[in-house]
Amino acid sequence: MAVYTPAVQRLIDELGKLPGIGPKSAQRIAFYLLRAERVDVLRLADAIRSAKEHVSFCQRCWNVAEGPECEICADPRREAGTICVVEEPRDVVAVERTGSFHGRYHVLQGAISPIAGIGPAQLKVKELLERLQPEAVEEVILCTNPNYEGEATAMYLARQLHERGVRVTRIASGLPVGGDLEYADELTLGRALEGRRPVEG
Amino acid sequence: MGLYRARGVVVRTYRLGEADRIVHLVTDARGKVRAVAKGVRRTKSRFGARLEPGSHVSLLCWEGRELDVVNQAEVLDSFRGLREDLERMRAAAVMLEAADLLSQERHEDPDAYRMLVGALRTLEAGGSALVAPAFLWKLLAADGVAPALETCASCGSTGPLVAFDPVDAGVRCRACRRGIPVSAEALALLRAFGSGGLGAALAGEAQPAWGEVERLATQAMEAHLERRLRSVHVLDG
Ligand SMILES: [Zn+2]
Ligand SMILES: [Zn+2]
């Protein structure tokens with residue numbers, strides 16, 4: 001195996017630590033950067049540095065924020081009293097794109113995974129429960145992923161929230177629009193059948 | 001190298017890259033299988049929820065040098081009831097974690113596979129809080145390391161036996177006691193795990209000794225594995 005100069009090796013090592021990037025991809029990206037225009041690469045470096053320096057987490061909802069609160073929490077037009085709970089900041093973006101939700105969010109920064117040893121204590125669960133009273137929250141929408149970890153998280157939160165007298169709803173899980181029925185797994189198809197709706201005719 | 005078929009239970013999953021997942025399965029024909037499920041995290045994946053922890057599937061896989069690749073997966077039991085109740089999900093997670101840690105790759109162990117499927121079915125069919133401890137105990141017995149329960153591990157006396165010592169995997173009499181105190185009721189339940197008297201114990205009403213038995217089985221398993229079972233405590237809060 002070829003030995004790279006220390007600066008190149010360091011770049012490959014750092015890129016290889018990123019999620020989803022294996023040693024081969026790290027090499028490919030490193031050599032792409034070395035070949036690219038200097039000004040383009042420095043713009044990337046600057047974007048990383050500036051994001052890291054200016055962006056932190058919202059003190060209220062743990063979404064990404066450039067300041068003490070994120071843009072959504074700081075927006076007075078958002079309805080108080082309804083919180084949509086998601087796992088990651090990118091899920092906020094996904095729900096926002098629907099344009100169907102007008103309340104505020106709470107980002108757990110992960111999901112419960114019993115086997116991996118990730119429990120409520122490792123997530124922003126306490127922070128969610130502490131918002132209920134001061135924000136007079138009436139409904140919490142559990143918008144965690146429709147997978148094993150997301151469901152464990154939703155069940156745990158539902159129990160905690162019920163005990164505190166808050167209305168809890170869970171997003172419906174069903175078939176992906178645009179997919180073929182024959183590819184749906186039994187669990188998904190079973191739930192979609194239970195969640196059927198009348199059709200106007 | 002080549003294509004093979006197996007039946008197995010998904011015991012552990014790890015995210016891999018953007019949309020893939022590494023799955024560990026305890027199988028009938030191949031012991032533990034570690035395989036990549038490509039694209040499984042995409043909403044339109046053909047695998048859907050088939051390769052999530054606790055799923056019992058029939059698989060078609062490519063054998064690889066390090067990791068195999070899942071080609072097809074069909075559901076035998078989705079064990080939906082274990083995903084929709086927090087207590088059962090926790091009990092199932094304890095069993096999956098122990099099965100993952102104890103099983104070995106390329107080491108055929110159809111009994112471990114059958115025991116796991118059987119225990120998950122019992123749990124889903126309304127099984128009690130005794131299912132997971134009984135499963136842990138039977139796994140230890142299958143490995144030949146279940147603690148001896150008939151005589152004192154130190155002096156050989158037949159009783160009364162009042163303590164359980166997970167380190168030297170045995171019970172102890174009053175004179176030699178060391179470790180955790182154990183009640184006569186808990187000792188009777190542990191003996192039932194080894195003698196096939198489990199059905200009667202499972203059908204009975206919940207008793208204080210059940211919590212004790214859960215702690216004892218967990219500690220015996222943790223002593224054998226030389227590590228903690230994470231899923232036992234993670235939901236405590
Ligand atoms: Zn915010
Ligand atoms: Zn003794």
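Positions within a chain are numbered from 1, following the residues in the order the chain's sequence is written. By the order in which they are written, chains take letters starting at A while ligands take numbers starting at 1. Local features in this predicted model are restricted to residues of pLDDT 70 or higher, and side-chain atom pairs are both shown and tallied only at a pLDDT of 80 or more, whereas totals for entire chains, interfaces and linings draw on every residue.

**Quick notes on the overall build of chain A**
Spelled out, the test is: Each helix is a run of DSSP H or I of at least 4 residues and each strand a run of E of at least 2, with the numbering of both proceeding from the N terminus. Every C-beta atom is placed from the backbone, and the number of other C-beta atoms within 10 Å of a residue's own sets its class: buried at 20 or more, exposed at 12 or fewer, partly exposed in between.
Scanning chain A for helices and strands turns up 8 helices and 6 strands. Starting at the N terminus and ending at the C terminus, chain A contains elements arranged as α-α-α-β-β-α-β-α-β-α-β-α-β-α. Viewed in the frame of its principal axes, chain A has a C-alpha envelope of about 65 × 45 × 40 Å. Per-residue burial over chain A gives 26% buried out of 201 residues.

**Quick look at the pairing of strand S5 (residues 139-142) of chain A**
Residue and element names in this part refer to chain A. We apply this condition: Any two strands are treated as partners once DSSP identifies two or more bridges connecting them. Whether a crossover is right-handed comes down to one check: with the strands pointing away from the viewer, does the path from the first strand over the helix to the second run clockwise; if it does, it is right-handed.
Going residue by residue along S5, you find Val 140 and Leu 142 tucked away on one face and Glu 139 and Ile 141 left uncovered on the opposite face. Looking at chain direction, strand S3 (residues 82-86) and S5 are connected through 4 bridges and run parallel. Bridge pairing in S5 places Ile 83 opposite Val 140. As for the winding sense of the linkage, the β-α-β connection from S5 through helix H7 (residues 148-163) to strand S6 (residues 167-170) is right-handed.

**Observations regarding helix H6 (residues 208-225) of chain B**
Residues and elements named next belong to chain B. Our working rule: A helix is expected to span 1.5 Å for every residue after the first.
Across its 18 residues, H6 extends 27 Å between first and last C-alpha, which sits within 8% of the 26 Å expected from 1.5 Å per residue. Turning to H6, its buried residues number three or more, namely Ala 209, Glu 212, Val 213, Glu 214, Leu 216, Ala 217, Thr 218, Gln 219, Ala 220, Met 221 and His 224. Two residues or fewer past H6, Glu 226 is found with a positive phi of approximately 60 degrees.

**With respect to the sheet that holds strand S2 (residues 20-27) of chain B**
Residue and element names in this part refer to chain B. Basically, it comes down to this: Inter-axis angles, ranging from 0 to 180 degrees, are taken between N-to-C directions of lines fitted to C-alpha atoms, where helices are fitted over the stretch in contact. Contact definition: two residues whose C-beta atoms, as placed from backbone geometry, lie within 7 Å.
A barrel is described by the order of its strands in space; here 5 strands give the closed sequence S1-S2-S3-S5-S4, paired in mixed fashion. Neighbour-to-neighbour, the strand axes of this sheet turn through a mean angle of 50 degrees, independent of strand direction. Of the strand pairs in this sheet, S2 and strand S3 (residues 32-37) are connected by 6 bridges, and their pairing is antiparallel. By the bridge assignment, Leu 25 is partnered in S3 with Val 33. The sheet contacts of helix H1 (residues 86-102) involve strand S1 (3-16) and S2, and relative to S1 the element is tilted by about 110 degrees.

**Observations regarding the sheet that holds strand S6 (residues 161-165) of chain B**
Residue and element names in this part refer to chain B. Taken together, the 3 strands give an open sheet; going across it, the order is S7-S6-S8, and neighbouring strands pair in antiparallel fashion. Across the chains shown, the open sheet's two edge strands, defined by having one partner strand only, are strand S7 (170-173) and strand S8 (180-181). Note: S6 against S7, 4 bridges, orientation antiparallel. Looking at the pairing, Leu 161 lines up with Cys 173 of S7.

**Description of the domain arrangement of chain A**
Rules: Source of the domain bounds: an automatic or database domain assignment.
Here chain A is partitioned into domain 1 (6-54) and domain 2 (57-170). Taking only C-alpha atoms, the centre of domain 1 of chain A and the centre of domain 2 of chain A are 33 Å apart.

**Focus on the confidence of the model for chain B**
All names here are of chain B. Rules: Note on scores: pLDDT gives the predictor's confidence for each residue, bounded by 0 and 100.
Taken over all residues, the pLDDT of chain B has a mean of 88, while the share at 70 or more is 95%. Element-level mean pLDDT values for chain B span from 67 in helix H5 (residues 198-203) up to 95 in strand S4 (residues 56-62). Here the predicted complex scores 0.85 on pTM and 0.83 on ipTM.

**Some details on the environment of B:Leu190**
Residue and element names in this part refer to chain B. Tracing the chain through its elements places Leu 190 in helix H4 (residues 184-195). Linking Leu 190 and Leu 149, residues 41 residues apart in sequence, is a C-alpha distance of 8.0 Å. In this structure, Leu 190 is in contact with Trp 137, Leu 149, Val 213 and Leu 216, ignoring residues within four places of it in sequence.

**Quick notes on the interface of chain A and chain B**
Keep this limit in mind: Side-chain classes follow a simple rule in which Ala, Val, Leu, Ile, Met, Phe, Trp, Tyr, Cys and Pro form the nonpolar group, Asp, Glu, Lys and Arg form the charged group, and the remainder, Gly included, forms the polar group.
Tallying the contact residues gives 23 residues for chain A and 26 residues for chain B. Mapped by element, the contributors of at least two residues to the side of chain A that touches chain B are H7 and helix H8 (186-194) of chain A. When residues of the side of chain A that touches chain B are assigned to their parent elements, the largest contribution, 6 residues, is made by H7(A). The class makeup of the residues in the side of chain A that touches chain B is 13 nonpolar, 6 polar and 4 charged.

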